[in-house]
Protein chains: 2
Amino acid sequence: MRSFEYYTPTRVIFGKDAHLQVGTLLKEYGCKKVLIHYGSKSAEASGLLDEVKKSLTDAKVEFVTLGGVVPNPRLSKVREGIDLCRRENVDFLLAVGGGSVIDSCKAIGYGCANPWTDVWNFFLKTETPTACLPVGVILTIAATGSEMSNSSVITNEDGWLKRGCVKTDLCRPRFALLNPQLTCTLPQYQTESGCVDILMHTMERYFVNAETMELTDSISESLMQTVIYNARILMKDPLNYDARAEVMWAGSLSHNGLTGCGTGGGDWACHQLEHELGGMFDVAHGAGLAAIWGSWARYVYQENPERFAQFATNVFDIPCGTDFEKTALAGIEAMEDFFRSVEMPTSIGELGLTLTDAQIQELAFKCSFEDTRTIGTFRRLNRKDMEKIYHSAL
Amino acid sequence: MRSFEYYTPTRVIFGKDAHLQVGTLLKEYGCKKVLIHYGSKSAEASGLLDEVKKSLTDAKVEFVTLGGVVPNPRLSKVREGIDLCRRENVDFLLAVGGGSVIDSCKAIGYGCANPWTDVWNFFLKTETPTACLPVGVILTIAATGSEMSNSSVITNEDGWLKRGCVKTDLCRPRFALLNPQLTCTLPQYQTESGCVDILMHTMERYFVNAETMELTDSISESLMQTVIYNARILMKDPLNYDARAEVMWAGSLSHNGLTGCGTGGGDWACHQLEHELGGMFDVAHGAGLAAIWGSWARYVYQENPERFAQFATNVFDIPCGTDFEKTALAGIEAMEDFFRSVEMPTSIGELGLTLTDAQIQELAFKCSFEDTRTIGTFRRLNRKDMEKIYHSAL
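Residues numbered from 1 in each chain as written. Chains lettered and ligands numbered in written order. Predicted model: local features only at pLDDT ≥ 70, side-chain atom pairs only at ≥ 80, totals over all residues. Heavy atoms only, no water.

Draft legend 1. Examining the sheet that holds strand E2 (residues 33-38) of chain A more closely. With mixed pairing, 12 strands are arranged side by side in an open sheet as E3(A)-E2(A)-E4(A)-E5(A)-E8(A)-E1(A)-E1(B)-E8(B)-E5(B)-E4(B)-E2(B)-E3(B). Two strands in the sheet have a free side with no partner beyond their single neighbour: strand E3 (62-66) of chain A together with strand E3 (62-66) of chain B. Averaged over neighbouring strand pairs, the angle between their axes works out to 25° when direction is ignored. Across 3 bridges, strand E5 (residues 135-139) of chain B lies against strand E8 (residues 175-178) of chain B in parallel orientation. Paired with B:Ile138 across the strands is B:Leu177, a residue of E8(B). Where helix H3 (residues 48-58) of chain B meets the sheet, it contacts strand E2 (33-38), E3, strand E4 (92-97) and E5 of chain B, and its direction lies at approximately 175° from that of E2(B). Here helix H9 (residues 241-255) of chain B sits on the sheet in contact with strand E1 (4-14) of chain A together with strand E1 (4-14), E5 and E8 of chain B, set at roughly 145° to E1(B). (Pairing = 2+ DSSP bridges. Helix = DSSP H or I, 4+ residues; strand = E, 2+ residues; numbered from the N terminus. Axes fitted to C-alpha atoms, helices over the stretch in contact; angles between N-to-C directions. Contact = heavy atoms within 4.5 Å.)

Draft legend 2. Looking closely at the state of the cysteines. Residues and elements named next belong to chain B. Under the defined criterion, the tally for this structure stands at 0 disulfides over all chains. No disulfide involves Cys184; its nearest neighbouring cysteine sulfur is the one of Cys195, lying 12 Å away. In this structure Cys184 comes out as buried when scored by relative accessible area, which is 13%. (Disulfide = S-S within 2.5 Å. Buried < 20%, exposed > 50% of the residue type's maximum accessible area, 1.4 Å probe, protein only.)

Draft legend 3. Representation of the confidence of the model for chain A in the model. Residues of chain A with pLDDT of at least 70 account for 100%, and the chain-wide mean is 95. Predicted complex metrics record ipTM = 0.94 and pTM = 0.95. (pLDDT = per-residue confidence, 0-100.)

Draft legend 4. How the structure looks around the packing of aromatic side chains. Overall, the coordinates contain 50 aromatic pairs over all chains when judged by the stated rule. Between the aromatic rings of B:Phe207 and B:Trp293, the centroid separation amounts to 6.4 Å while the plane-to-plane angle is 45°, which identifies the pairing as tilted. Taken together, the residues span a long stretch of sequence, with B:Phe207 in the loop between helix H7 (188-206) and helix H8 (214-236) and B:Trp293 in helix H11 (residues 285-300) at a distance of 86 residues. Taking the relative accessible area as the measure of exposure, B:Trp293 reaches 1% and is therefore buried. One aromatic cluster is present, formed by A:Tyr206, A:Phe207, A:Trp293, A:Trp296, A:Tyr301, A:Phe308, A:Phe311, A:Phe316, A:Phe338, A:Phe339 and A:Phe378 through successive ring pairs. For the cation-ring pair, A:Lys167 lies above A:Trp268, with the distance from its terminal atom to the ring centre recorded as 5.3 Å. Seen from the ring of B:Phe369, B:Arg373 lies directly overhead, with NZ or CZ sitting 3.8 Å from the centre. (Phe/Tyr/Trp six-rings, centres within 6.5 Å; stacked < 30°, edge-to-face > 60°. Lys NZ or Arg CZ within 6 Å of the ring centre and 35° of its normal.)

This is the structure in structure tokens:
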């Protein structure tokens, strides 16, 4: 049994109209002036931003706004946010959106609170932040789990490098207002892409080639079954509040550390392979993960077929005899069948991309940090392995 | 789907030798002088206290000690702790023990930080605390989940009233050092009594007569299965580290709020019925719960047999046809069989107590706050109902 640390200080308020508490909450935290950070026009068009501003005004909390965060959020927007916050003496950051907006907020928070260096250094991991402006969240997409996590992923347009920050508890949001209603109007593709991302956060902690904790395994299997079940419901009934709620809460729990207790850190190879794809082509994160996962799984499962067989049996109710390899492959197929059932891609081609050999080499070169690192722990993958996985995912 | 709040700010460090980090941690929290609060002589005899003191000395953290906390911890000891902390200018409280010691620490913390009133008023719920000295925990018994919870239960010797404090996040421990090794030397009766307590914390949130959250249900069922499985292992192999670890982590998760998300608060009737028993006769809390649960369950299950049938099927793999009542009763029987398999009582008689009618009336009178309140939500229970349950549990 591995030792572990578990720390999830984010205060979660979950339910209908939860976001309307934002003004009162910020006041409670002593906030004087907050940055409302958001992405698409839909936050404006839906009236959500107006509701937020009204709540802040009612609570006598000053604010400035910065919209325009895009998926795979950009370093240039982060820099714009840092400048704005310094100029306006902002003391709290409010993300109104999904993972991209939250991650952008966290990066702005690091930038503001560590003026001694350039914020990108935290993503190059050449420096470690020592502070962060407090972040609060009003979540509009269930996907990345960033609302309770200690991570942030930003894309630097200079070279299209997508990189995760040094992980510290400093950036864990102080509060997360989770109202499943806010996700009801999401397009199907985004909803299902989010469900894949949630599953992947659990799977990447689950597929470790080492002893784990029964309780964590069992919680992870519960979580995966819940997401799969409700993702299918949302294909037919996107306004189903309960299904939205199940998925939203699963999203937070899948990435707040709970599913990693005793598993020793997980294997993040799929995420890392997808990050390069997302950095280069701007694909939806979850869809990119779905496109790669099957190829990754078939490339690595023989290292520990029993683990994949457990997954097949406990998540998909596939009977397991003594032929673990057969059961393992059936489990991988079942997950891909699920991806297809919610119209997610199971190949890079289905993402609408036709990669050349040169592009594959470039992706692997970047993902291996110019051939200086391996990724993954279930099976350690070098640059050549990465190329093979990208190839078989075509 | 019910709205909910979830807030678990306790930093958990889990694994072998976790407790040796205590000095460094307290230093990190800025502690100048800590109270080491503990219970039995075994903390002294085992060398644990010496290890703690050495860690504090190495980190240059001053300390005073106060031992002698008993199961069903006493108000007089709390008052002694408050006086000592004031006299010694203690700024942090360290519980080295199980639920009784932690709860005593929390009460001392409330008493020290709210000099404007008497601490017992927080347990009478006539006043609400506005602050609490910070509490840290080195856990030696997996049972109450107090190491991550917002609750504290104290017994007032004046009338032998056992009462839970007003619940506030103020008393949630700042950190919990969870080393399963420290529980390996516990007597079987205490180990298994702890397992029952853990199960009950989950069951009392699970048995609600309302719509719940699939994900929470599924996590709760995972947790119950894990505890049942490992409690049985510990009957034969008490030194099994992995089984100790599973139970210990289950204990923290069962009472930190996770198993209550979306279930609307739970039904705490069994705990309340047991509190009176524990206040009057000083029985081991978990054993007292085991003695009462079956009688409670049979008294209430007809309000919602489907819920008990779900429990039977998902926790004990009992096939469920259309006869929910039959499946429900089989599930109750299966849980009692489990209690018997780990030598826990399923009646008050097996606790070694022979109650008179007058005593039953007194217990119910106290539990109903002199006939002024009902308890429970699955089925609301008045004083007469309580008497009947105590009777059938004889």
